[in-house]
Amino acid sequence: GRSAILVAIEGSAERLGTSAIDLYQVPSNMFYIGAPGTVSSALSAAMDQGLINNIGVKNMYSKTKLKSFQNKINKVGEYS
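Here's a quick rundown of the structure. (Residues numbered from 1 in each chain as written. Predicted model: local features only at pLDDT ≥ 70, side-chain atom pairs only at ≥ 80, totals over all residues. Heavy atoms only, no water.)

1. Focus: the packing of helix α1 (residues 2–16) against helix α2 (residues 38–48)
Packed helix pairs are specified by the crossing angle of their axes together with the interaxial distance, meaning the distance between the axes.
Okay, step 1: It is the contact of α1 with α2, at a shortest axis distance of 9 Å, that shows an interaxial angle of 45 degrees. The angle between α1 and α2 places the two elements in the oblique class. Considering only the axes of α1 and α2, their crossing is right-handed. Together, R2, I5, L6 and I9 of α1 and T38, V39, S41, A42, L43, A45 and A46 of α2 make up the contact between the two elements. (Axes fitted to C-alpha atoms, helices over the stretch in contact; angles between N-to-C directions. Helix = DSSP H or I, 4+ residues; strand = E, 2+ residues; numbered from the N terminus. Parallel < 35°, antiparallel > 145°, perpendicular 65-115°, else oblique. Left-handed = near helix turned anticlockwise from the far one by under 90°. Contact = heavy atoms within 4.5 Å.)

Structural data, given as structure tokens:
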């Protein structure tokens, strides 16, 4: 879930020898795994904690889906 994603991001930063990852890229199909909102909530929390600075979404061919994801991240960030 959310905590597992955060642990993975922390581990990535540690292996890279940095406190914050400049660009954290995820595959577009990652947003269909697990409970709705899990990924966007975890990524938003990672940004709030300063673990990642930017999020990249690979293989996102739909402008509408990309905008929807962007809105989810922004909304989660507003309420976290």
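2. Concerning the side chain of T38
Okay, step 1: Examined against the element boundaries, T38 turns out to sit in helix α2.
Okay, step 2: Using a relative accessible area of 16% as the deciding quantity, one classes T38 as buried.
Okay, step 3: Those residues within four positions of T38 in sequence are excluded, and the remaining contacts are G1, R2 and I5. (Buried < 20%, exposed > 50% of the residue type's maximum accessible area, 1.4 Å probe, protein only.)

3. What about the nonpolar core?
Okay, step 1: With 17 residues, the main nonpolar core has I9, I21, Y24, L43, A46 and I52 as its most contacted residues.
Okay, step 2: Elements that contribute at least two residues to this core include exactly α1, β1 (21–27), α2 and α3 (63–79).
Okay, step 3: The greatest single-element share of this core, amounting to 5 residues, is contributed by α2.
Okay, step 4: Leaving out residues up to four positions away in the same chain, A46 has contacts with L6, I9, L51 and I52. (Core = buried A, V, L, I, M, F, W, Y, C linked by side-chain atoms within 4.5 Å.)

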